[in-house]
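# Coordinate analysis (summary)
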Amino acid sequence: MAANSDTTEYDYDLFTIGGGSGGVRASRVSAAHGAKVALAEEHRVGGTCVIRGCVPKKMLVYGAHFAEDLEDCQKFGWEIGERKFDWKVLRDNVLADVDRLEGAYTETLENHDVTIFKERAEITGPHEITLASGKTVTARHILIATGARPHMPECQGADHAISSNEAFHLDELPKKIIIAGGGYIANEFAGIFNEFGCDVHIVNRGDRLLRHYDEAVRDRLLQISTMKGIKFRFNTTFEYIKPCDEGGYFVKLSDCEEERADLVMFAVGRLPNTEGLGLENAGVELGDKGEVKVDRFSKTNIDHIYAVGDVTDRVQLTPVAIREGQAFADTLFGKGDPVAVDHGCIPSAVFSHPPIAAVGMTEGEAKNKLGSVKVYLSDFRPMKNVLAGRNERSLIKMICDGENGKIVGIHMIAPDAPEMMQAAAIAVKAGLTKADFDATVAIHPTMAEEMVLMR
Ligand code: NDP
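Residues numbered from 1 in each chain as written. Predicted model: local features only at pLDDT ≥ 70, side-chain atom pairs only at ≥ 80, totals over all residues. Heavy atoms only, no water.

- Per an unreviewed UniProt entry, the chain goes by the name Glutathione-disulfide reductase and belongs to Qipengyuania pelagi.
- Check the Sequence similarities (unreviewed entry) section of the UniProt entry for the chain; it says "Belongs to the class-I pyridine nucleotide-disulfide oxidoreductase family." (UniProt positions renumbered as here; feature names shortened; annotations may be inferred.)

Put into C-alpha cells, the structure is as follows:
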C-alpha cells in the first residue's frame, strides 16, 4: 500500500491485539512476509471460534445428532441395546480437543517467529503498547483484533444467566433451559440441548427467528423445531431472574406467570470488544455499537492502526475475519497490490437441527431490489427420513433475476445443507444462471440434485 515515510525504529513492525481467527491469520502472514510481529492475547490463543464458538459448538452438534441417528437406525435393521448419554464424556472430549487446537494455533505463530504475550495490552501512545505486566513496547503498525463478547441485556438478575461461553463447561445438563434470543446461537443451542433431552424454551423479543434468512426456511425451522419439542415464545421480554432455594431460577417473562428453570441462557447478539484498549486516547473512531470503524483495507481513521474481525462489526463470521486478516497482511507487508475483502455474497449456515444454509438475497430482498424475480422451490422428504419414518421435510429455494435468469440467492434447510451450500455458493458468486444449473447432470440419488432439477 502507501509507502511509509516513518524512519523511526520500533520494537516491532506489527503489534496485534487479540489472538483469534483474524489476529492469528494477520500475524502469521505478516511474519511470513518478513515483518517482525508480536501478538497479545489475554485469554487463549484461538479466540471465540476455536475456544468457545464454532469449533466446540459443531462438535456438540455432532454429539447431539446421534440421538436421532440412534432412533432412526432401527428402521434400517439395527438393534440397539440400552441407550445412555453422558454429557461429561462429550464435554471433556470436546474441551480436550479445544486444548489441542489452542496448541496448534500457538505453534503456528511460534513457527513464524511471532512473539506471543499472554496478557492484556493497551495502546498508551501513538505507537506504544503497554502490557498488563507493565512492559512497554513500540510498533510501527497496530492491529486491533479483539473480537466480540456476548451481549447480556439488562433485566433484574441478568447476572444469573449464562452465555454460550459457559455452555461448554456445564457440570450437568439442565432439565429445563430458557434461551433468550432468536438468532444463530439460540437456535443452534436449542437444537443441541433438545437432542440431549432437555426441555428447551426459546424466548424472543420480536416475532421472528433468524431475521436475515429467507422466510420459507425460517418457517420450516420453526415448524420442525416445534415438532421436535422446542417451545417458542415471541414478542416476549424478561422481567426478572431470581435464584430458587431448591436450585435453578424463577423467571418472570412479560405477560406470563413466574416459572422455574434450571438454566437461563442469553443469546442476543455480540458486542465489539473495544473497551480498555486505549482506542479513545489514540483517537480511533468508534461506531454506535462501539465497533472500530475501518475502510475497505481495514484501516482506521489513524494511519497506522488497523482492525479486523468481529471488533469491526462488518460481518461477524470466522471466515470473514480470516480473509480480513489475510488481506491486511498482504496489503501492508506483501509485494502485490493492496487487497480489499469483498463482503458481498457471503454464504452462511445455522447449525440448527436440521441446519439452514444460505447465500445471496432472500426472496423479499430480491423483489425489492430487482422487481422481477423468478422463484424455484423444491420441498421434499429426504430419502433417509422416509425410511426412518421421520416426518421432516427439507426445502431448497432458488431466487433468480427475472430478466436474465441469474441466480441471486439460494436458501435451504436440509440435513447437510451447509455442505451443499459451500459448492452452490461458488456458482452464485460467479454469477451463473438457472440455465447453467439445468445444464448440469444430477448426481442421483442425492439431496443436492434438487438444485439442478428444479422446474
Ligand atoms: P444474532 O444476531 O444471530 O441474534 C440475536 C437475537 O437476539 C435476535 O433474535 C435479536 O432479535 C435478539 N436480540 C437482540 N438484542 C436483544 C435484546 N436487547 N433483548 C432481547 N433480544 C435481543 O446473535 P447471536 O448472539 O445468536 O450470535 C451472534 C453472532 O455470532 C451472529 O450474528 C453471527 O454473526 C455469529 N454466529 C455465527 C454462527 C454461524 O455462523 N453458524 C453461529 C453462532 C454465532 P431481533 O431479530 O429482534 O433483533
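## A closer look at the UniProt feature "active site" (unreviewed entry) in the chain
- When the UniProt feature table is mapped onto this chain, "active site" (unreviewed entry) is found at His-444.
- As for its placement among the helices and strands, His-444 is situated in the loop between α13 (434-438) and α14 (450-453). (Helix = DSSP H or I, 4+ residues; strand = E, 2+ residues; numbered from the N terminus.)

## Quick word on the sheet that holds strand β11 (residues 238-243)
- Taking strand neighbours across the sheet as the criterion, the three strands line up as β11-β12-β13 in an open arrangement whose pairing is antiparallel. Since the sheet does not close on itself, it has two edges, and those belong to β11 and β13 (259-261), each with one partner. Put simply, the sheet's adjacent strands are angled 30° from each other on average, direction ignored. (Pairing = 2+ DSSP bridges. Axes fitted to C-alpha atoms, helices over the stretch in contact; angles between N-to-C directions.)

## What to know about unusual backbone geometry
- With an omega of -5°, the peptide bond running from His-353 to Pro-354 counts as cis.
- By the secondary structure assignment, Pro-354 is in the loop between β17 (348-350) and β18 (356-360).
- Of the consecutive residues His-444 and Pro-445, the connecting peptide bond is found in the cis state with omega at -10°.
- Note on placement: Pro-445 falls in the loop between α13 and α14.
- In this model, Asp-255 sits at a positive phi of 60°, which is unusual for a non-glycine residue.

## What about the site of the ligand?
- Around the ligand, the structure places 19 residues, and the nearest of them are Ile-185, Arg-211, Gly-269, Gln-316 and Ala-349.
- Contacts to the ligand include Asn-204, whose side-chain N or O atom sits 3.3 Å from an oxygen atom.
- Between Arg-211 and the ligand, the recorded distance is 2.6 Å, taken from a side-chain N or O atom to an oxygen atom.
- Notes on the ligand: free accessible area 910 Å², of which the protein chains cover 77%.
- A per-element tally of the shell around the ligand places helix α6 (residues 184-195) first, with three residues.
- Of the residues contributing to the shell around the ligand, the split by class is seven nonpolar, seven polar and five charged. (Near = heavy atom within 4 Å. Polar contact = N/O pair within 3.5 Å; in protein donor to acceptor, adjacent residues only side chain to side chain. Areas by Shrake-Rupley, 256 points an atom, 1.4 Å probe, with all protein chains shown as cover. Nonpolar A, V, L, I, M, F, W, Y, C, P; charged D, E, K, R; others polar.)

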